[in-house]
Amino acid sequence: MLSGDEQLTWSIAEVKDYCEQPTELVKVSIIEQNAIFRQVLESTLKQINIPYFSLDVKVYEDGYSFLQSDDYKSGHMHLILMNDISSEKWLRNIAYLTTYAK
């Protein structure tokens, strides 16, 4: 119990720990045989500014070079842009890796 001349001191503290959302890294892999399309996609994606996201763009000529890079072995969100004419073999390999290689 407080005596007659003692008083509680109150203060207000501003907490800024959660004011700004952290930036999340998103890996983007472009798998395209055509060098011009590869370059256009890469330059376009590198110019995109998305709040709270940072894009790490890498290009590959084929699925084999992508698989050899081990870039898919990351815990980051990963977007893979692939030509729909790409070999079915590479599509199966990537499907296998994303399902079982975690």
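Coordinates for the structure precede this section.
Read on for a plain summary of the structure. (Residues numbered from 1 in each chain as written. Predicted model: local features only at pLDDT ≥ 70, side-chain atom pairs only at ≥ 80, totals over all residues. Heavy atoms only, no water.)

1. A word on the overall build of the protein
Tallying secondary structure elements over the protein gives three helices and three strands in all. Counting from the amino terminus, the protein carries its helices and strands in the arrangement β-α-β-α-β-α. Taking all 102 residues of the protein together, 19% fall into the buried category. Residue pairs at least 24 apart in sequence account for 69% of intrachain contacts in the protein once pairs closer than 6 positions are excluded. Accessible surface computed for the protein: about 8500 Å², of which carbon and sulfur atoms make up 53%. (Helix = DSSP H or I, 4+ residues; strand = E, 2+ residues; numbered from the N terminus. Buried < 20%, exposed > 50% of the residue type's maximum accessible area, 1.4 Å probe, protein only. Contact = heavy atoms within 4.5 Å. Areas by Shrake-Rupley, 256 points an atom, 1.4 Å probe, with all protein chains shown as cover.)

2. A look at the pattern of salt bridges
For side chains bearing opposite charge, pairing can occur when the charged atoms are close. Applying the stated rule across the entire model yields four salt bridges. The salt bridge partner of Asp71 is Lys58, with a shortest N-O separation of 3.7 Å. In this pair, Asp71 is assigned in the loop between helix H2 (63-69) and strand E3 (77-82) and Lys58 in strand E2 (residues 53-60), connecting sequence segments 13 residues apart. Salt bridges linked by common partners bring Lys27, Lys58 and Asp71 together as one network. (Salt bridge = Lys/Arg side-chain N within 4 Å of Asp/Glu carboxyl O.)

3. So, the packing of aromatic side chains
Applying the stated criterion across every chain, the model contains two aromatic pairs. Centre to centre, the rings of Tyr60 and Phe66 are 5.3 Å apart; their planes meet at 75°, and the pair counts as edge-to-face. Residue Tyr60 shares its accessibility class with Phe66, and that shared class is buried. Between Phe66 and Tyr72, the aromatic rings sit 5.8 Å apart at their centres with planes inclined by 50°, giving tilted as the arrangement. Here Phe66 falls in the buried class, since its relative accessible area comes to 1%. Among the aromatic residues, those joined into a ring-pair cluster are Tyr60, Phe66 and Tyr72. (Phe/Tyr/Trp six-rings, centres within 6.5 Å; stacked < 30°, edge-to-face > 60°.)

4. Some points on the sheet that holds E2
Read across the open sheet, the three strands follow the order E2-E1-E3; overall the sheet is parallel. Both edges of this open sheet fall to E2 and E3, since each of them pairs with a single strand only. On average, each strand axis in the sheet is tilted by 20° relative to the strand beside it, whichever way the strands run. Examined bridge by bridge, strand E1 (residues 24-31) and E3 share six bridges and lie parallel to one another. Within E3, the residue paired with Ser29 across the bridge is Ile80. In the packing of helix H1 (residues 35-47) onto the sheet, contacts are made with E1, E2 and E3, and the angle to E2 comes to roughly 170°. (Pairing = 2+ DSSP bridges. Axes fitted to C-alpha atoms, helices over the stretch in contact; angles between N-to-C directions.)

5. Points about the side chain of Lys27
For Lys27, the position within the fold is in strand E1. Judged by its relative accessible area of 12%, Lys27 is buried. Within the local environment of Lys27, its side chain forms a polar contact with the side chain of Asp71, the two groups lying 3.1 Å apart. Other than its neighbours up to four places away in sequence, Lys27 contacts Asp56, Asp71, Ser74, His76, Met77, His78 and Leu79. (Polar contact = N/O pair within 3.5 Å; in protein donor to acceptor, adjacent residues only side chain to side chain.)

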